[in-house]
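Spelled out, the chains give:
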Amino acid sequence: MDIEIFPHRVLGSDTTEKLLNDLESIEDVKRTVIHGPRFPKTEETLPPQYRERRVINVNGEDVVLQVKTGRIFVELTMESTIKEIEEVCKKDIPYGFEINQDRANYIRKEKTVSDRIKYGDMDLPDELIGMTDQYSSFEDHVKIIRKDDFD
């Protein structure tokens, strides 16, 4: 099952980093996807205190954060995990959030037309299905962090 975490405000880089680390530490969480507006390309001209595009560390792996986090999609197997996720969100998102489970799937589980255009008929690992953007290179928008590397 998938859930959507919808913060009442767009998350900054520090909050995103803390939230992703806390979510990834929950054993039942299979996949986490962040969604939001891209950072402006002209961000380098801003004073350092206003720059949000940076490298964050999630489970010991460096990830270049390229979007302001507006939504977080989480794939899990047990409904009881939602309570754990809610506690993490209460701690990390103090200004409020909603957890939605209105849809059966927020994250695609089957190969899409875009996947076929980008990768052809090759077998894709489950964590890559539905993660393609036909207009960008794979390395630009997907970072896979494997949990089994940290046990």
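Just above sits the structure.
Predicted model only: the values in this text are computed from it and were never measured.

**Q** Could you give me a rundown of the sheet that holds strand β5 (residues 71-76), with the residues and numbers involved?
**A** Within a sheet, neighbouring strands are paired by backbone hydrogen bonds and run either parallel or antiparallel to one another. Spatially, β2-β5-β1-β6 is the arrangement adopted by the four strands of the open sheet, whose pairing is antiparallel. Two strands bound the open sheet, and with one partner strand each, they are β2 (29-35) and β6 (97-100). Strand-to-strand twist in this sheet, taken as the mean axis angle between neighbours without regard to direction, amounts to 20°. In terms of strand pairing, β2 meets β5 through six bridges, oriented antiparallel. Bridging across to β5, Ile34 finds its partner in Ile72. Packing of helix α1 (residues 13-24) onto the sheet brings it into contact with β1 (2-7), β2 and β5, and relative to β2 it is tilted by some 160°. On top of the sheet, helix α2 (residues 81-92) reaches β1, β2, β5 and β6; it is set at about 165° to β6, its chief contact.

**Q** Which residues make up the pattern of salt bridges, and what values go with them?
**A** Taken as a whole and judged by the stated rule, the model has seven salt bridges. A salt bridge links Asp14 to Arg54; its shortest N-O distance comes to 2.5 Å. One end of the pair, Asp14, is in helix α1; the other, Arg54, is in the loop between β2 and β3 (55-58), and 40 residues separate them in sequence. Note that Arg31 and Glu75 form a salt bridge whose closest N and O atoms lie 3.1 Å from each other. Here Arg31, found in strand β2, pairs with Glu75, found in strand β5; they are 44 residues apart in sequence, far enough to count as distant.

Calculation notes
- Residue positions are given per chain, counting from 1 as you read along its sequence in written order.
- Reporting in this predicted model follows two pLDDT cut-offs: at least 70 for local features of residues, and 80 or more for side-chain atom pairs to be given and counted; totals over whole chains, interfaces and linings ignore these cut-offs and use all residues.
- Each side-chain value is derived from all of the structure's non-hydrogen atoms; neither hydrogens nor water enter the calculation.
- At least two DSSP bridges between two strands are required for those strands to pair.
- Strands here mean DSSP runs of E at least two residues long; helices mean DSSP runs of H or I at least four residues long; both are numbered from the N terminus.
- Axis lines are fitted through C-alpha atoms, for helices just across the contact stretch, and the angle between N-to-C directions can take any value from 0 to 180 degrees.
- Whether two residues touch is decided by their heavy atoms; if any such pair falls within 4.5 Å, the residues are in contact.
- In the sections that follow, a salt bridge refers to a side-chain nitrogen of Lys or Arg positioned within 4 Å of a carboxyl oxygen of Asp or Glu.

Coordinates in, geometry out; function isn't part of it.
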